[in-house]
Amino acid sequence: MRNSSKEKYKVAVLGSGNWGSVAAKLIASNTLRNNDFHGEVRMWVHDEILPSGEKLSTVINQTNVNVKYLPGVKLGKNVVADPDLDSSVGKIFAVRDANMLVFVTPHQFVDDVCKRLVGKIPGDVEAISLIKGMEVKVEGPRMISSVISEHLGVDCCVLMGANIAHEIAEEKFSEATIGYRVNTEAAKRWARLFSTPYFAVTAVQDVEGVEVCGTLKNVVAIAAGFVDGLNMGMNTKAAIIRIGLNEMRAFSKRLFPSVKDDTFFESCGVADLIATCFGGRNRKVAEAFAINGGQRAFKELEEEMLKGQKLQGVLTAEEVYGVLQKNKWLDLFPLFRTIHEICTGNRPVSAIISCNEPQLA
Ligand SMILES: NC(=O)c1ccc[n+]([C@@H]2O[C@H](COP(=O)([O-])OP(=O)(O)OC[C@H]3O[C@@H](n4cnc5c(N)ncnc54)[C@H](O)[C@@H]3O)[C@@H](O)[C@H]2O)c1
């Protein structure tokens, strides 16, 4: 009965970083136009005090701009910043009455966010993850959509693509891919929620394929940054991207045999890989790491260069390395292996081109 005239779909965006804010903007433009959705979009803000002494959430609500993570861009009057994720004290909180949850925090925080939501949302809520990353435990790796589904008992789609957030904020055309499991209607609804004339969304029935692509490309982007920092030129960079794509495909299929080859040709695959290896923050910070001869740690560079934004690729490289080590696959994935060994200071940056073509069957 969700979609009766009495009860519309109500959306909450959980996360308010660079991409979270752009996602809220996209969604808010559609909820105003489409009667299936409640107009107001609540955006949960992990609150912080700005240098002015004000709370970020307060300033977002006063100015309609996320001054820290997306300065200069109006989010839409119907976006309400809410620092209270799950209150059982206050009457208003971010996920209250929401039946479509958009998860868009950096991946290291999603476990905590989910734990806070356990028991507070009904099982018929639909979720989508825009988060790139995985969780690696002794039992094995879990993609973030599985973390969300398992904690909360809800179906979780994913949305990934060549989506450098500030370009979409400027309404430059781009594409994205939704991965869904079985619920075609839910996938169409998510596509309606996100699609705009400058943001073209398609859906494929391959959650793991879409999500693993979105996750692993951040690792390859670290290698692309090393190549740029060493000034090795475009041929080398193209070679690294090609080897990276090959390892992405082989790794995905070993973890999830259901992953479809076609998915790599969607926006979440090769397009996102290209965009990230040329334009993203992982490439940029890895380039600085290489220019500094590996003498300045990624953590230090992240803090200096990203100003609160989070680097995902180095952490994901470590997680991928853990999976390779556990499964005795290290020799099969020389690029992924080398990237982590460089990031941890165990090999020089120049080792990035020493990885020979693996046997990936
Ligand atoms: N920025 C992009 O261009 C882009 C594009 C596509 C996908 N993504 C993915 O979207 C996800 C979110 O990235 P982003 O760019 O919106 O974030 P960001 O890196 O710009 O910002 C970091 C966010 O983390 C929040 N945060 C800090 N500590 C926290 C905590 N303890 N608990 C919860 N939140 C905390 C901060 O408040 C801030 O909102 C990531 O998985 C990223 O890979 C980003």
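Computed from a predicted model, the values in this text were never measured in an experiment.

1. Considerations on the site of the ligand
So, step 1. Not every one of the 24 residues close to the ligand is listed here, only the nearest: Asn18, Trp19, Ala165, Arg281 and Lys310.
So, step 2. Residue Asn18 places a main-chain N or O atom 2.9 Å away from an oxygen atom belonging to the ligand.
So, step 3. One of the backbone N or O atoms of Ala165 is found 2.9 Å from an oxygen atom in the ligand.
So, step 4. Against a free-state accessible area of 850 Å², the protein chains account for coverage of 89% of the ligand.

2. Structural notes on the packing of helix α8 (residues 234-255) against helix α13 (residues 334-343)
So, step 1. Put simply, α8 and α13 touch, their axes get as near as 8 Å, and they point 105 degrees apart. The orientation of α8 with respect to α13, classified from their angle, is roughly perpendicular. Here Ile240, Ile243, Gly244, Glu247, Met248 and Phe251 of α8 come into contact with α13, specifically with Pro334, Leu335 and Phe336.
So, step 2. Classifying every residue of the contact of α8 with α13 by side-chain character gives seven nonpolar, one polar and one charged.

3. Thoughts on helix α12 (residues 313-327)
So, step 1. Here α12 contains 15 residues, and its C-alpha end-to-end distance of 21 Å stays within 8% of the 21 Å for a straight helix at 1.5 Å per residue.
So, step 2. The complete set of buried residues in α12 reads Gly313, Val314, Thr316, Ala317, Glu319, Val320, Tyr321, Val323 and Leu324.
So, step 3. Downstream of α12 by a residue or two, Lys328 has a phi angle that is positive, lying close to 60 degrees.

4. Side note on the nonpolar core
If you look at soluble globular proteins, the nonpolar side chains tend to sit buried side by side.
So, step 1. In this structure, Phe226, Phe251, Phe298, Phe336, Ile339 and Ile352 are the most contacted members of the largest nonpolar core, which totals 51 residues.
So, step 2. Ranked by residue count, the leading element in this core is helix α7 (residues 207-229), at eleven residues.
So, step 3. Excluding its chain neighbours within four sequence positions, the residues that come into contact with Ile352 are Ala223, Phe226, Val227, Leu230, Ile240, Leu335, Thr338, Ile339 and Ile342.
So, step 4. Formed by 45 residues, the second largest nonpolar core is a distinct cluster that contains Ala23, Ile128, Ile168 and Leu193.

5. A word on a nonpolar patch on the surface
So, step 1. Taken together, the side chains of Met234, Ile274 and Phe278 define a hydrophobic patch exposed on the protein surface, amounting to about 310 Å² of accessible area.
So, step 2. Mapped onto the fold, Ile274 is located in helix α9 (residues 267-279).

6. Considerations on the domain arrangement of the chain
So, step 1. Taken as a whole, the chain is organised into domain 1 (9-205) and domain 2 (209-354).
So, step 2. Spacing between the C-alpha centres of domain 1 and domain 2 amounts to 25 Å.
So, step 3. Contacts between the two partners involve 32 residues from domain 1 and, on the opposite side, 33 residues from domain 2.
So, step 4. The junction of domain 1 with domain 2 conceals about 2,400 Å² of combined surface from both sides, 63% of it contributed by carbon and sulfur atoms.
So, step 5. Taken together, the connections running from domain 1 to domain 2 amount to one salt bridge.

7. Some words on the packing of α12 against α13
So, step 1. Between α12 and α13, the shortest axis-to-axis distance is 9 Å and the interhelical angle comes to 125 degrees. Regarding the angle of α12 to α13, the classification is oblique. Relative to α13, α12 is oriented so that their crossing is left-handed. The residues of α13 that touch α12, namely those facing Val314, Ala317, Glu318, Val320, Tyr321 and Leu324, are Phe336, Arg337, Ile339, His340, Glu341 and Cys343.
So, step 2. Of the residues belonging to the contact of α12 with α13, the class tally is eight nonpolar, one polar and three charged.

Rules behind the numbers
- Residues numbered from 1 in each chain as written.
- Predicted model: local features only at pLDDT ≥ 70, side-chain atom pairs only at ≥ 80, totals over all residues.
- Heavy atoms only, no water.
- Near = heavy atom within 4 Å.
- Polar contact = N/O pair within 3.5 Å; in protein donor to acceptor, adjacent residues only side chain to side chain.
- Areas by Shrake-Rupley, 256 points an atom, 1.4 Å probe, with all protein chains shown as cover.
- Axes fitted to C-alpha atoms, helices over the stretch in contact; angles between N-to-C directions.
- Helix = DSSP H or I, 4+ residues; strand = E, 2+ residues; numbered from the N terminus.
- Parallel < 35°, antiparallel > 145°, perpendicular 65-115°, else oblique.
- Contact = heavy atoms within 4.5 Å.
- Nonpolar A, V, L, I, M, F, W, Y, C, P; charged D, E, K, R; others polar.
- Expected span 1.5 Å × (residues − 1).
- Buried < 20%, exposed > 50% of the residue type's maximum accessible area, 1.4 Å probe, protein only.
- Core = buried A, V, L, I, M, F, W, Y, C linked by side-chain atoms within 4.5 Å.
- Patch = residues over 30% accessible without salt bridge, like charges linked within 9 Å, V, L, I, M, F, W, Y side chains within 5 Å.
- Salt bridge = Lys/Arg side-chain N within 4 Å of Asp/Glu carboxyl O.
- Domains from an automatic or database assignment.
- Buried area = accessible area lost by both parts, 1.4 Å probe.
- Left-handed = near helix turned anticlockwise from the far one by under 90°.

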